[in-house]
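Single-letter residue listing:
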Amino acid sequence: MLNKIFTILAASLLIGTAADARSSVNKSIRIDAGSTVTEELSSVNGSVKVGEDVNLQEDASTVNGSLSIGDNSNTRNLSSVNGTVDIGDRVTVDGDASTVNGALRIGNSTVSGDVETVNGSIKLSGSTVERNMKTINGGIKLYAGSRLLGDITIQKTRGRYNWSKALKIELRDGSVVEGD
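From a predicted model like this one, the values you see are computed outputs, not experimental measurements.

## Details of the overall build of the protein
Then step 1. From N to C terminus, the protein includes 1 helix and 24 strands.
Then step 2. The buried share among the 180 residues of the protein stands at 43%.
Then step 3. Of all intrachain contacts in the protein linking residues separated by at least 6 positions in sequence, the fraction that spans at least 24 positions is 17%.
Then step 4. In the structure as shown, the protein presents an accessible area of about 8900 Å², 45% of it carried by carbon and sulfur atoms.

## What to know about a nonpolar patch on the surface
Then step 1. Together, I154, I169 and L171 give the surface a local cluster of nonpolar side chains, amounting to about 240 Å² of exposed area.
Then step 2. Mapping I154 onto the fold places it in strand β22 (residues 152-154).
Then step 3. Classification of I154 as partly exposed rests on a relative accessible area of 44%.

## A closer look at the nonpolar core
Then step 1. With 28 residues, the main nonpolar core has L41, V50, L78, I87 and M133 as its most contacted residues.
Then step 2. For this core, the secondary-structure elements that each account for two or more residues are β2 (29-31), β5 (48-50), β8 (67-69), β11 (85-87), β14 (104-106), β17 (122-125) and β20 (140-143).
Then step 3. Counting 6 residues, the second largest nonpolar core, distinct from the first, contains V44, V100, V118 and I136.

## Let's talk about the pairing of strand β4 (residues 40-44)
Then step 1. Across the 5 residues of β4, 4 count as buried, placing the element largely inside the fold.
Then step 2. Bridging between β4 and strand β7 (residues 60-62) involves 3 bridges; their strand directions are parallel. Looking at the pairing, S42 lines up with S61 of β7.

## Quick notes on the sheet that holds β17
Then step 1. Read across the sheet, 8 strands follow the order β2-β5-β8-β11-β14-β17-β20-β23 without closing on themselves; strand pairing throughout is parallel. Only two strands of the sheet have a single neighbouring strand rather than two, namely β2 and β23 (169-171). The mean inter-strand angle of the sheet, taken between neighbouring strand axes irrespective of direction, is 5°.
Then step 2. Pairing between β20 and β23: 3 bridges, direction parallel. Each bridged residue has a counterpart across the sheet, and for L142 the counterpart in β23 is L171.

## Some thoughts on the pairing of β17
Then step 1. What you see with β17 is a clean split: I122 and L124 sit on the buried side and K123 and S125 on the side with no burial.
Then step 2. Two strands pair when backbone bridges link them, and β14 and β17 are joined in this way by 3 bridges, in the parallel orientation. Paired with I106 across the strands is L124, a residue of β17.
Then step 3. In this structure, β17 lies alongside β20, joined through 4 bridges in parallel fashion. Counterpart to K123 in the pairing with β20 is K141.

## Re the environment of N64
Then step 1. Among the structural elements, N64 can be located in the loop between β7 and β8.
Then step 2. For the pair formed by N64 and V25, sequence separation is 39 residues and the distance between their alpha carbons is 9.9 Å.
Then step 3. Other than its neighbours up to four places away in sequence, N64 contacts N45, G46 and N82.
Then step 4. Within the structure, the side chain of N64 is placed 2.8 Å from the side chain of N45, a separation counted as a polar contact.
Then step 5. At 2.8 Å, the side chain of N64 forms a polar contact with the side chain of N82.

## With respect to the environment of S61
Then step 1. Topologically, S61 is positioned in strand β7.
Then step 2. For S61, a relative accessible area of 7% corresponds to the buried category.
Then step 3. Separated by 20 residues in sequence, S61 and V81 have C-alpha atoms that sit 8.3 Å apart.

Procedures and definitions
- Residues numbered from 1 in each chain as written.
- Predicted model: local features only at pLDDT ≥ 70, side-chain atom pairs only at ≥ 80, totals over all residues.
- Heavy atoms only, no water.
- Helix = DSSP H or I, 4+ residues; strand = E, 2+ residues; numbered from the N terminus.
- Buried < 20%, exposed > 50% of the residue type's maximum accessible area, 1.4 Å probe, protein only.
- Contact = heavy atoms within 4.5 Å.
- Areas by Shrake-Rupley, 256 points an atom, 1.4 Å probe, with all protein chains shown as cover.
- Patch = residues over 30% accessible without salt bridge, like charges linked within 9 Å, V, L, I, M, F, W, Y side chains within 5 Å.
- Salt bridge = Lys/Arg side-chain N within 4 Å of Asp/Glu carboxyl O.
- Core = buried A, V, L, I, M, F, W, Y, C linked by side-chain atoms within 4.5 Å.
- Pairing = 2+ DSSP bridges.
- Axes fitted to C-alpha atoms, helices over the stretch in contact; angles between N-to-C directions.
- Polar contact = N/O pair within 3.5 Å; in protein donor to acceptor, adjacent residues only side chain to side chain.

Printed below as a string of structure tokens:
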């Protein structure tokens with residue numbers, strides 16, 4: 001996870017050097033409903049908002065802003081360092097969804113990869129996560145028949161500052177974890 005974060009930060013510092021990316025500094029990125037986007041979406045100090053029925057063929061990330069994906073969309077990897085990742089209903093995420101300091105909320109959708117957070121909560125509502133779920137300091141809520149096909153890992157912090165606390169994991173409404 002930390003390697004992914006450093007990659008996002010490094011890529012964000014190089015914004016403007018990639019001709020095939022929609023990148024922004026100090027400004028949000030908005031993708032209109034029904035669009036097909038073939039470039040990576042990347043923002044520093046701004047949000048990324050993807051409308052409904054969008055086919056996003058590359059990754060989307062933000063450093064200091066939220067990331068939201070509208071209903072009926074298809075995406076690749078989604079990540080935020082200091083902001084919420086909010087995935088609507090009937091969305092297919094072909095990859096991972098992660099955040100460092102923000103909540104991760106997934107509607108009635110499917111994530112083919114891992115779902116990870118460091119200091120934010122994870123909430124699934126009628127969702128399927130095909131791999132694993134990992135947190136350090138955030139609670140986990142699986143509602144409305146959500147399914148996690150892999151494991152839940154709660155990683156203890158290392159080093160001088162140990163901020164790990166007791167975490168709450170809720171499974172309601174027929175939700176299941178098929179792994180450990």
